[in-house]
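Residue-level structural notes
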Amino acid sequence: MNAFNSLQHSVAATLASAVPESILLTDPDALIRYSNDVSGIRHGRPLLVARPRSTEELSNLMACCHRHGIPAVPQGGLTGLVGGAVASRPEGEIVVSLERMDRIRSVNVIDYAMVVEAGCVLDSAKAAADAAGCLLPIALGSQGSCRIGGNVATNAGGFNVLRYGMTRDLVLGLEVVLADGRVWNGLRTLRKDNRGYDLKQLFIGSEGTLGIVTAAALKLFPRPEQVETAFLAVDSIEAAMQLYARARRQCSDLLSAFELILRPGLEVALRSRADLRDPLQEAHPVYILAEVSATGRIDLRGLMEGFLLDSGDILRDGVIASNRAQADRLWLLREVMVDRQGRGGPYLRSDVSVPISRIAGFVSDALAALARSHPDATPITYGHVGDGNLHLNVIPPEGMAPEAIPAMIHAAEEVLFDILDRHGGSISAEHGIGLVKQAAYLHRVDATTLDLSRRIKDAFDPCHLLSEGRIFNGHAK
């Protein structure tokens, strides 16, 4: 028996004294699907995988880990891009998968709230809300596989942030198992509660470093009865930003999406699937995928048409979907673009944000800098205009030697982050820091922020057993 197998056997025996052995996976073949996220960069080998079925089982599991010094990392749908949910510690780490804790506990149409377990797939939660005539507005490209706990742990954004806010804005309460096994029950649907510190906010976006979210109470909204979707073309990003400012005034709070897509991204989608067609007659450098939605007696079509008519000085072309099927085809262009942009290989996936007023300047400067440093690479630019969140990705040149790609990705990222710093942006808008962005984060974070962050970590996980090494390393001094 080698050292890994010996340690695995010892850890499994220890945990089996506290939880049913049936929730523990040790078979090497069974562990494979828990070992990689979608980034294709990080490959972790867990000592074992624990799949608790209830908050009580997870509590017992973590209490045992705490007593015996067993490090653990929580895992959702493995749709992250920064290696935060895969095992990585060389001395061995167990994975705690929430996939079995996937119940929808309640949907209340008076409170406009639902309580969902952390392992529930986002699409399933959205379908349950829809069945009750409500909308859960978190909307992500990965919603068919990402899970609610991961959405909370990374403070996920998505297409609807412009109107409804990030996940942080939609969480009313949480249930969390702490690193020592205690359960913090903050699972309330109160809209107003000013009793002391708002502890739930510490767990949202903490990337699993402070506790394991087991359930969330989420805000719901009336399900839109009308949706109008338009695919629009303009000459420049500056023009797109002028159009956005006008849309915010004329469409007001009914504007739910305003997505920026540069021509190279659209061409990726059109090349990838023969059944996709360019929605417009001619090619344009910049496109906007805009959507407005409403309930009640509102002439939404008239609102969209009036906005576009008033924007004739900015628009070069455009089309409004005549039905939901056509709207879905327009959104499919964006979905396929994201899925196919890397040609199946590794590439730089950026997830950055800048002040909305700096979007045009940032993209212009970044593309110019990348053209100088990596003229043979292909930048793909798209993002959520309404919250300043951009994905400026860089695809290696075709034929580049595989061993040269990691260095090229790192160099392109440094160029991009340097421009980002000049525009007062953030290196992570949605996916967090995890392992992949830790060096870049530590290079930029100020000493006071880092010290306070480490003190919070020490308070919640003094033994540093839970997702240790994500975001930063070490205790406060």
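You'll find the structure just up there.
The following paragraphs examine the structure supplied in this document.

Parameters at a glance
- Residues numbered from 1 in each chain as written.
- Predicted model: local features only at pLDDT ≥ 70, side-chain atom pairs only at ≥ 80, totals over all residues.
- Heavy atoms only, no water.
- Helix = DSSP H or I, 4+ residues; strand = E, 2+ residues; numbered from the N terminus.
- Expected span 1.5 Å × (residues − 1).
- Buried < 20%, exposed > 50% of the residue type's maximum accessible area, 1.4 Å probe, protein only.
- Arc of directions from axis to C-beta.
- Contact = heavy atoms within 4.5 Å.
- Polar contact = N/O pair within 3.5 Å; in protein donor to acceptor, adjacent residues only side chain to side chain.
- Salt bridge = Lys/Arg side-chain N within 4 Å of Asp/Glu carboxyl O.

**Thoughts on helix α15 (residues 447-460)**
Compared with the 20 Å implied by 1.5 Å per residue over 14 residues, the 20 Å span of α15 between its first and last C-alpha is a close match. Among the residues making up α15, those that are buried are Leu-450, Arg-454, Lys-457 and Asp-458. Looking straight down α15, one finds that the buried residues subtend no more than 100° of arc, so they occupy a single side. Away from its buried face by more than 90 degrees, α15 exposes Thr-448 and Ala-459. If you follow the buried residues of α15, they end up packed against α14 (438-444). If you check the start of α15, you find a side-chain oxygen 3.2 Å away from the backbone N of Thr-448, and it comes from Asp-446.

**What about the pattern of salt bridges?**
Counted under the stated rule, the structure contains 27 salt bridges. Close ionic contact of Glu-117 with Arg-103 constitutes a salt bridge, the shortest N to O distance being 3.0 Å. Note that Glu-117 is positioned in strand β6 (residues 113-117) and Arg-103 in the loop between β4 (94-97) and β5 (104-108), a separation of 14 residues in sequence. Given the relative accessible area of 48%, Arg-103 is considered partly exposed. Between Arg-324 and Asp-328 there is a salt bridge, with its nearest N and O atoms 3.2 Å apart. You can see Arg-324 and its partner Asp-328 sitting in helix α11 (residues 324-340), 4 residues apart, about one turn around the helix. In this structure Asp-328 comes out as partly exposed when scored by relative accessible area, which is 43%. A single network of salt bridges, built from pairs that share partners, joins Arg-103, Arg-105, Glu-117 and Glu-175.

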